[in-house]
Number of protein chains: 2
Amino acid sequence: MGWGDLGCYGNEARETPNIDKLAAEGALFTDFYSTSPLCTPSRAAMLTGRLPIRNGVYTNNTFGVNAVFLPDSPGGLPAEEETIAEALAKLGYRNKVIGKWHVGNNKESFPLNQGFHEFFGSNHNRMGPYNNESYFPHPEVYRDDKMVGRYFEREFFMDLGTRESNITRMWTEDALDFIDKNNDKPFFLFWSADGTHKPEVASKDFLGTSERGVYGDVIRELDYGVGQIISKLKQHLLQNDTFVFFGSDNGPAYQRRVDEGGSSGPFLCSKTTTFEGGMRVPGIFWWPGVIPAGQIEKIPANLLDIFPTILEATGAKSSNPNVILDGQSLWSTLTDESTSALENNSIFYYRGNGLYAVRVGNYKAHYWSWNAAPDTKNILGDPCPGFYQEGFITTNITDHNDQPLLFHLGRDPGERYHIE
Amino acid sequence: MGWGDLGCYGNEARETPNIDKLAAEGALFTDFYSTSPLCTPSRAAMLTGRLPIRNGVYTNNTFGVNAVFLPDSPGGLPAEEETIAEALAKLGYRNKVIGKWHVGNNKESFPLNQGFHEFFGSNHNRMGPYNNESYFPHPEVYRDDKMVGRYFEREFFMDLGTRESNITRMWTEDALDFIDKNNDKPFFLFWSADGTHKPEVASKDFLGTSERGVYGDVIRELDYGVGQIISKLKQHLLQNDTFVFFGSDNGPAYQRRVDEGGSSGPFLCSKTTTFEGGMRVPGIFWWPGVIPAGQIEKIPANLLDIFPTILEATGAKSSNPNVILDGQSLWSTLTDESTSALENNSIFYYRGNGLYAVRVGNYKAHYWSWNAAPDTKNILGDPCPGFYQEGFITTNITDHNDQPLLFHLGRDPGERYHIE
């Protein structure tokens, strides 16, 4: 999902009344980033508070673009990496991940070996071989440690003709059920609804309801799910006891088909790139009575900050104080509007093991600024349709390390004019 | 000012808390348009409710791009055109325009001959010859029918070195004074603060306060002015008696200098073009107790609709029922969320006397789609920096009348992919 996909970030279709309400009642971060322009490394980074190059969940193939675990990718999130779930489990939290997990294929990387007590979802993205079983089988769906089906099959169907699927509805219902069962004890729910990932499919009730096609239908169903989860918290009078974070693991995918593209708002390009559109994402925090309502926060922040923030909010301790956390706690910023200690937070824009750009204050230096390797552009689609600038947004792999291309994101958030 | 310049439309700099509050307490239109991609014809259209080709305020030179009145331009808004002010004067309203007027150079076009009782501002834009008096003298500033000074001189200084000027502050103070003097009778204030027009200058208190340069400083000062005006209404307990509309007469100017550019948000290009960035602008309506709070309205609407809306809101009558109004009243939409009679409102995108594009529902057909004539691009700057698409956004003057280039603004608000 992109920065520009939510009404509270200016989306003109205004499909997200429930998420917009979270933002109005909590804190909306304007300069919030995923840790990678792709899902797998971003997710592992959020779960551990550590950069992909530290926690090991990254790849260095295909110039770092192809950093997503495929069914035949080796490895995964190492056992020795501590996750949010592991830190909270020690405090007695009941932890569940629902939806997409996708941080590794070896058994030690699976949710139940990484601090979660329950799992309902898939360890893969939702792209399958569809009917070409000669390549990979359809992605497996698990309930806890048991495989209970496969995407595209039976109750986990995704009808690529009608674009109908009940998957997002199942993620929502399972979340409500989890809250019902755990309303009298501390819990951590990682609601990892992956509806905006291709192939985009939605429930019958939402299909055809958005003016921006199936992608908008999916956004509406996700927003409905958020609304249901918040209602469930309120039903159990948990709203003043629950820390809610809403974010995304990378910018939107621009698909070649018009009706499947998300919005990066005013920012350049999309997923897979280290331009703002690839990594600037929604960042919304909600906790009525603790996080003041109506905060607009402009400090640069990152998915990496979620783990340290949760540590501070809950009083949980990292099991090994010598482990370097790359994120910083946002807790004082969230709870006290006057705090600005994090104003000069830096943002590191990685692809795989390559550092492509760095942001300090409002300045962003691009060391590598190409958008797609020629051989991946045709496979993954064009991440920058209509945007090309010689030496900057190109498929030429240019090294700007001697003289980085410098942009001022305050004056020029769209990265149109580099500073000469 | 552009669609993307306000926090409530997603601007990442979030410089407009007062205007954002108007939107939260009133109705925000996502699909609101100026009538022209340039100021003069847009302003005359708003004042009369009639398309420029009907009210006569347009030019057909330079392919319709140069439709702005310069000091030596003949003509202006005809005497027989009825303005909002003329219609309200008949009901006993006291009418004032503060700031930029700019709808014609002949005396009959001046505010006091077009239904306004008071005027404080200029009949020109703020571009002067600066120190080159061989061309034109600096633009005149009027108080009512008396010239009281010139831009760049004495109290109307604009210091192009420090970028300081008190002009916006004077517009604000004059507005507060007008409300103080007229708080016991009906009034119409056209607060036409032109701070976002080049040369952008701001008061000392605002200079250097925005992360996006002088343009952002100006936005912050305009927002402060709006806040002061709303406070003044509340001080006189007029908030439940006053209809407030906030809009813009064209999209943002992208200047060649980075720190002078506005934001068109997710839309293509800027002022002078008929792409969405040139004409999609903020549209916010506020009247506590009459217009329900928190409305997000997605029907396409236009500055043309302001006159008919004011007629319906006030019960004023058009003096000649045979005069064709091109706008439609938004009153029932504003006051009753269930209304959708205007869903299929059409938007006509004119440059001068040329119809360049038409929007019906979510479909927009481009008949002419070039961005700038080669001979104006170098003078006015590039309205589409970084965006070029062969046969669409080019300086080649291409006629698509046989097969218009068609876009779906719901799925593709950024006009990236035309429907084949």
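Numbering of residues starts from 1 in every chain and runs along the sequence as written. Labels are handed out in written order, letters beginning with A for the chains and numbers beginning with 1 for the ligands. With pLDDT at 70 or above as the cut-off, local features in this predicted model cover only qualifying residues; side-chain atom pairs require 80 or more to be listed or tallied, and sums for whole chains, interfaces and linings still use all residues. With hydrogens and water excluded, all non-hydrogen atoms of the structure serve as input to the side-chain values.

An unreviewed UniProt entry annotates chain A as N-acetylgalactosamine-6-sulfatase of Holothuria leucospilota. UniProt positions are given in the numbering used here, feature names are shortened, and annotations may be inferred rather than shown by experiment. Recorded under Sequence similarities (unreviewed entry), the UniProt text for chain A is reproduced unchanged: "Belongs to the sulfatase family." A UniProt comment under Cofactor (unreviewed entry) is attached to chain A, and it reads "Ca(2+)".

Colleague: Got a minute to help me understand the pairing of strand β5 (residues 140-143) of chain A in this structure?
Modeller: Two faces make up the sheet, and in a regular strand the side chains alternate between them. All names here are of chain A. In this structure, strand β4 (residues 118-122) lies alongside β5, joined through 3 bridges in antiparallel fashion. Looking across to β5, one finds that F120 is bridged to R143. A pair of strands is treated as paired once DSSP finds two or more bridges between them. Helix and strand assignments come from DSSP, with helices taken as H or I runs of at least 4 residues and strands as E runs of at least 2, each series counted from the N terminus. As paired strands, β5 and strand β6 (residues 146-150) are joined by 4 bridges and run antiparallel to one another. Note that in β6 the partner of R143 across the bridge is K146.

Colleague: Quick question: what am I supposed to make of the relation of the copies chain A and chain B here?
Modeller: The two chain copies are connected by a rotation around an axis plus a translation along it. The least-squares superposition of copies is restricted to C-alpha atoms, and to residues with a pLDDT of at least 70 in both copies. Note on the identical chains: chain A maps onto chain B by a rotation of 180° and an axial translation of 0.0 Å, with an RMSD of 0.0 Å. Between the two chains, the operation in question is that of a two-fold axis. For chain A, the residue whose C-alpha comes nearest the rotation axis is A:G10, separated from it by 1.8 Å. Should any heavy atoms of two residues lie within 4.5 Å, those residues are considered in contact. With an isologous cut-off of 70% or more, the 100% of interface residues of chain A that recur at the interface of chain B puts this contact in the isologous class.

Colleague: Looking at this model, I keep getting lost on the state of the cysteines. Mind explaining?
Modeller: Among covalent bonds in proteins, the disulfide is the one between the sulfur atoms of two cysteines. Cysteine sulfur atoms that pair up within 2.5 Å are treated as a disulfide. Going through the model one piece at a time under the given rule, you end up with 2 disulfides over all chains. The residue that forms a disulfide with A:C269 is A:C384, at a sulfur-sulfur distance of 2.1 Å. Here A:C269 and A:C384 share a disulfide; its torsion about the S-S bond, 120°, makes the bridge right-handed. Of this pair, A:C269 sits in the loop between β8 (244-247) and α7 (276-279) while A:C384 sits in the loop between α10 (374-380) and β15 (405-408), placing them 115 residues apart in sequence. As far as burial versus exposure is concerned, A:C269 and A:C384 are alike and both buried. The closest cysteine sulfur to the non-disulfide-bonded B:C8 is located on A:C8, 12 Å from its own sulfur. Note on classification: 1.4 Å probe, protein chains only; a residue is buried when its accessible area is under 20% of the maximum for its type, exposed when over 50%, partly exposed between these limits. B:C8 gets classed as buried once you look at its relative accessible area, which sits at 15%. Just so you know, B:C39 is unpaired, no disulfide at all, and the nearest cysteine sulfur is the one on B:C384, 18 Å from it.

Colleague: Please clarify how the environment of B:C8 should be interpreted in this entry.
Modeller: With respect to the helices and strands, B:C8 occurs in the segment before α1 (17-25). Along the sequence, B:C8 and B:I347 sit 339 residues apart, while their C-alpha atoms lie 23 Å from each other. Once residues within four sequence positions are removed from consideration, B:C8 is found in contact with A:R14, B:D20, B:A23, B:L28 and B:I284.

Colleague: It is not clear to me how the sheet that holds strand β13 (residues 354-360) of chain B should be interpreted in this structure. Could you clarify?
Modeller: Pairing between the strands of a sheet comes from backbone hydrogen bonds, and it takes one of two forms, parallel or antiparallel. Residues and elements named next belong to chain B. Across the sheet, which stays open at both edges, the 4 strands sit in the order β12-β13-β14-β15 with antiparallel pairing between neighbours. Each having just a single partner strand, β12 (346-351) and β15 (405-408) make up the two edges of the open sheet. Strand-to-strand twist across the sheet, computed as the mean angle between neighbouring axes with direction ignored, equals 20°. For β13 and strand β14 (residues 363-366), the ladder comprises 4 bridges, and the chain directions are antiparallel. Along β14, the bridge assignment pairs V358 with A365. Only the stretch in contact is used when fitting a helix axis, every axis being a line fitted to C-alpha atoms; angles between N-to-C directions are given from 0 to 180 degrees.

Colleague: Just checking my understanding: could you explain the packing of aromatic side chains for this structure?
Modeller: Where two aromatic rings form a pair, the distance of their centres and the angle of their planes describe that pair. Residue and element names in this part refer to chain A. When two rings of Phe, Tyr or Trp (its six-membered ring) have centres within 6.5 Å they constitute a pair, described as stacked for plane angles under 30 degrees, edge-to-face for angles over 60, and tilted for the intermediate range. Counted under the stated rule, the structure contains 48 aromatic pairs over all chains. Plain terms: the ring middles of F245 and F285 are 4.9 Å apart, the flat faces sit at 40° to each other, and that makes the pair tilted. One end of the pair, F245, is in strand β8; the other, F285, is in strand β9 (residues 283-286), and 40 residues separate them in sequence. By relative accessible area, F245 is classed as partly exposed at 22%. Two conditions define a charge sitting above a ring: the NZ of Lys or the CZ of Arg must be within 6 Å of the ring centre, and it must be within 35 degrees of the ring normal. Above the ring of F110, the side-chain terminus of K107 is found at 4.2 Å from the ring centroid.

Colleague: What is the right way to read the interface of chain A and chain B from this model?
Modeller: Accessible area lost upon the coming together of the parts serves often as the stated size of an interface. Taken together, the contact pairs 36 residues of chain A with 36 residues of chain B. When the area that chain A buries against chain B is broken down by residue, the three leading residues are A:E12, A:R14 and A:Y417, summing to 24%. Here, a salt bridge means any side-chain nitrogen of Lys or Arg that lies within 4 Å of a carboxyl oxygen of Asp or Glu. Along the contact surface separating chain A from chain B lie 0 salt bridges. Between N or O atoms, a polar contact is any pair within 3.5 Å; within protein, one atom must be a potential hydrogen donor and the other a potential acceptor, and residues adjacent in sequence are included only when both atoms are from side chains. One can count 8 residue pairs in polar contact (both at pLDDT 80 or more) joining chain A with chain B. Taken together, the residues of the side of chain A that touches chain B sort by class into 15 nonpolar, 10 polar and 11 charged. A quick way to say it: buried area is the sum, across both parts, of accessible area lost when two parts are put together, with a 1.4 Å probe. All amino acids are sorted into three groups, where Ala, Val, Leu, Ile, Met, Phe, Trp, Tyr, Cys and Pro are nonpolar, Asp, Glu, Lys and Arg are charged, and the leftover types, Gly among them, are polar.

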